[in-house]
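Each chain, written out:
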Amino acid sequence: MPDRTSDPTYRILMNGVTGRMGYRQHLLRSILAIRDDGGIALPDGTRLQVEPVLLGRNADKLARLADQHQIADWSTDLDTALAEDPAPIYFDSQVTSERKKAILKAAAAGKHVFTEKPIAETVAEGQELVDAAERHGIINGVVHDKLYLPGLMKLKRLVDSGYFGRILSVRGEFGYWVFEGDYLPAQRPSWNYRAQDGGGMVLDMFCHWNYVLENLFGAVEAVTAKAVTHIPERWDENGERYDATADDAAYAIFELAGGIIAQVNSSWAVRVERKELVEFQVDGTHGSAVAGLFNCRIQPRESTPMPVWNPDLPTTEDFRGQWREIPDNQVFRNGFRAQWEQFLLDVHAGRPHAYDFSAGVRGLELVDAGLTSSAEGRRVALR
């Protein structure tokens, strides 16, 4: 067995990991997975080790998680942890409305910060975080998990290879039916449907769509959007009825650099009739592709069929069967873990993280433009 006493170890203050996303993706499948696999290999032969410290408001939940996963330290006192714990990294997956003030405290304490998105509720608040990070000289990162997913990584390879020729359009379909809570329990937290608690489809998902679009195809230059609340009443985790004040669906046209048009439908009130919960179809002059979280199918120009419109006869062609699957010709890891490892390596090397607070602010700018477009019924330019 190698001597691991020289391995660098990074304590991480993890705030909000009693929630669904914070626990499953960030604690369990990222940090604990890294810990249990013996850390991240470094060029000098050592391994970067991680040591989570759990933070939150519910002491009973924190104690149970700590005991279940052999985590030594936890606390409900954020201020004391930031002031006294030597951990160099702070992570935030709280509800959006609590995020800004906690990150500002962490930055002032000199902690490097990795956070879920959206980084704040408004562009102005997001810019506060950018300014604080610069002022205190901390490395900062925002979750861009979808860029690390197998389907979109395959799609990025196609884009970079020139496979599409000139890209014409992108069409995205995201969503699923989230139960109202009376007939069956809702599979998303109730705060997602209350605007006063930072909920809403546009605030949640336009941050994602901004980084997906700008990193794969081009910066968003303008948006025309309609945000709606299809389900006006829901029932919370205690079975209590509440008014859904946040939008649960958004329908948008994004105009991208280079003349590419992207149409993305996002809904928690749609039943799925596709292979994955999110899919993007990209059409170009030389070929097309459909990518989800894991899979990517292509139809190049030379194998494109020639359908003929005839409403008098039933369709006999198997259109989906005319596409070819891109193979899994590399090992794909959990997308959250992959970005966590990159962020940790950036902290260790003392270099900026590619997807920083400024990227998070660009997501909020798209949110603001989308909500303005919906409220005023007009196209809104960003650049």
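This text follows the structure it describes.
A few points about the nonpolar core
Next, step 1: Tyr-90, Leu-155, Phe-206, Phe-217 and Phe-254 are the most contacted members of the largest nonpolar core, which has 78 residues in total.
Next, step 2: Ranked by residues supplied to this core, first place goes to helix H7 (residues 201–216) with eleven residues.
Next, step 3: With residues up to four places along the chain from it excluded, the contact list for Phe-217 reads Leu-155, Val-159, Ile-167, Val-170, Val-212, Leu-256, Ile-260 and Val-282.
Next, step 4: By size, the runner-up hydrophobic cluster in this structure holds 28 residues, among which are Val-17, Leu-48, Leu-65 and Val-347.

With respect to the pairing of strand S8 (residues 167–175)
Next, step 1: Note: S8 against strand S14 (residues 278–284), seven bridges, orientation antiparallel. For Gly-172, the partnering residue across the bridge sits in S14 and is Phe-280.
Next, step 2: Of the strand pairs in this sheet, S8 and strand S13 (residues 261–267) are connected by seven bridges, and their pairing is parallel. Across the sheet, residue Ser-169 finds its bridge partner in S13, namely Ile-261.

So, the packing of aromatic side chains
Next, step 1: Within the structure shown, the criterion is met by 13 aromatic pairs.
Next, step 2: The interplanar angle of 70° and the centroid separation of 4.7 Å between the aromatic rings of Phe-114 and Trp-340 together place this pair among those described as edge-to-face. You can see Phe-114 sitting in strand S6 (residues 112–115) and its partner Trp-340 sitting in helix H8 (residues 335–349), a full 226 residues away along the chain.
Next, step 3: The buried category is assigned to Trp-340, whose relative accessible area is 0%.
Next, step 4: Feature note: the residues Phe-91, Phe-114, Trp-340 and Phe-343 constitute an aromatic cluster, connected by ring pairs.
Next, step 5: Lying across the ring of Tyr-242, Arg-194 places its NZ or CZ 5.0 Å from the centre.
Next, step 6: Its end group placed over the ring of Tyr-193, Arg-234 keeps NZ or CZ at 4.1 Å from the ring centre.

Things to note about the pattern of salt bridges
Next, step 1: With the rule as written, the count across this model stands at 27 salt bridges.
Next, step 2: The shortest N-O distance in the salt bridge between Lys-146 and Asp-145 comes to 3.8 Å. The two residues Lys-146 and Asp-145 agree in class, both being buried.
Next, step 3: Glu-279 serves as the salt-bridge partner of Arg-297, at 3.8 Å between the closest nitrogen and oxygen. Linking Arg-297 in strand S16 (residues 296–300) with Glu-279 in strand S14, this pair joins segments that are 18 residues apart in sequence.
Next, step 4: Look at Glu-279 and you get buried, because its relative accessible area is 11%.
Next, step 5: Within the structure, one salt-bridge network assembled from shared partners comprises Arg-11, Glu-51, Asp-73 and Asp-85.

Examining the pairing of strand S15 (residues 287–291)
Next, step 1: The buried count for S15 comes to five of five residues, which makes it a mostly enclosed element.
Next, step 2: Side-chain alternation along S15 places Gly-287, Ala-289 and Ala-291 on one buried face and Ser-288 and Val-290 on a second face that is also buried.
Next, step 3: Pairing of S14 with S15 involves four bridges; the strand directions are antiparallel. The residue bridging Asp-283 from the neighbouring strand is Ser-288, located in S15.
Next, step 4: Connecting S14 to the next strand, S15, in antiparallel fashion are two residues.
Next, step 5: Pairing of S15 with S16, which is carried by five bridges, proceeds in the antiparallel orientation. Bridge pairing links Val-290 to Arg-297 in S16.

As for the side chain of Lys-111
Next, step 1: Looking at where Lys-111 falls in the secondary structure, it is placed in the loop between helix H4 (99–108) and S6.
Next, step 2: With no salt bridge to any partner, buried Lys-111 finds its closest opposite charge in Asp-85, at an N-O distance of 5.5 Å.
Next, step 3: Polar side-chain contacts of Lys-111 include one of 2.6 Å to the backbone oxygen of Ala-87.
Next, step 4: The residues touching Lys-111, leaving out its near neighbours within four places in the chain, are Leu-13, Leu-82, Asp-85, Pro-86, Ala-87, Pro-88, Tyr-90, Ala-106 and Ile-138.

Section: the sheet that holds S16
Whenever strands of a sheet pair, they do so through backbone hydrogen bonds, lying parallel or antiparallel.
Next, step 1: Strand order in the open sheet made by the nine strands is S17-S16-S15-S14-S8-S13-S12-S9-S18, with mixed pairing throughout. Edge positions in the sheet fall to strand S17 (324–325) and strand S18 (380–381), since each has one partner strand and no second.
Next, step 2: Bridge analysis of S16 against S17 gives two bridges, and the strand direction is antiparallel. Across the sheet, the residue bridging to Arg-297 is Glu-325, located in S17.
Next, step 3: The strands that H7 touches are S8, strand S9 (220–228), strand S12 (249–256), S13 and S14; relative to S12, the one it contacts most, it runs at about 25°.

A look at unusual backbone geometry
Next, step 1: Following Lys-117, the chain continues into Pro-118 via a peptide bond in cis, with omega recorded as -5°.
Next, step 2: Phi is positive for Gln-70, close to 55°, though the residue is something other than glycine.

Some words on helix H9 (residues 357–376)
Next, step 1: The end-to-end C-alpha distance of H9 is 28 Å, a good match for the 28 Å that 20 residues give at a rise of 1.5 Å each.
Next, step 2: Buried within H9 we find Phe-357, Ala-359, Gly-360, Val-361, Gly-363, Leu-364, Leu-366, Val-367, Ala-369, Gly-370, Ser-373 and Ser-374.

Topic: H8
Next, step 1: Taking 1.5 Å of rise per residue, the 15 residues of H8 would be expected to cover 21 Å, and the 21 Å separating its terminal C-alpha atoms lies within 8% of that figure.
Next, step 2: Counted residue by residue, H8 has eleven buried out of 15 residues, so it is predominantly covered.

Regarding the side chain of Asp-204
Next, step 1: When you line up the elements, Asp-204 lands in helix H7.
Next, step 2: Residue Asp-204 is classed as buried on the basis of its relative accessible area, which comes to 15%.
Next, step 3: One polar contact links Asp-204 to Lys-117, side chain to side chain, over a distance of 2.8 Å.
Next, step 4: Residues contacting Asp-204, with those up to four places away along its chain left out, are Lys-117, Arg-188, Asn-192 and Trp-268.

Calculation rules
- Residues numbered from 1 in each chain as written.
- Predicted model: local features only at pLDDT ≥ 70, side-chain atom pairs only at ≥ 80, totals over all residues.
- Heavy atoms only, no water.
- Core = buried A, V, L, I, M, F, W, Y, C linked by side-chain atoms within 4.5 Å.
- Buried < 20%, exposed > 50% of the residue type's maximum accessible area, 1.4 Å probe, protein only.
- Helix = DSSP H or I, 4+ residues; strand = E, 2+ residues; numbered from the N terminus.
- Contact = heavy atoms within 4.5 Å.
- Pairing = 2+ DSSP bridges.
- Phe/Tyr/Trp six-rings, centres within 6.5 Å; stacked < 30°, edge-to-face > 60°.
- Lys NZ or Arg CZ within 6 Å of the ring centre and 35° of its normal.
- Salt bridge = Lys/Arg side-chain N within 4 Å of Asp/Glu carboxyl O.
- Lys, Arg positive; Asp, Glu negative; His and termini not counted.
- Polar contact = N/O pair within 3.5 Å; in protein donor to acceptor, adjacent residues only side chain to side chain.
- Axes fitted to C-alpha atoms, helices over the stretch in contact; angles between N-to-C directions.
- Expected span 1.5 Å × (residues − 1).

So far we have only geometry, and geometry alone does not tell us how the molecule works.
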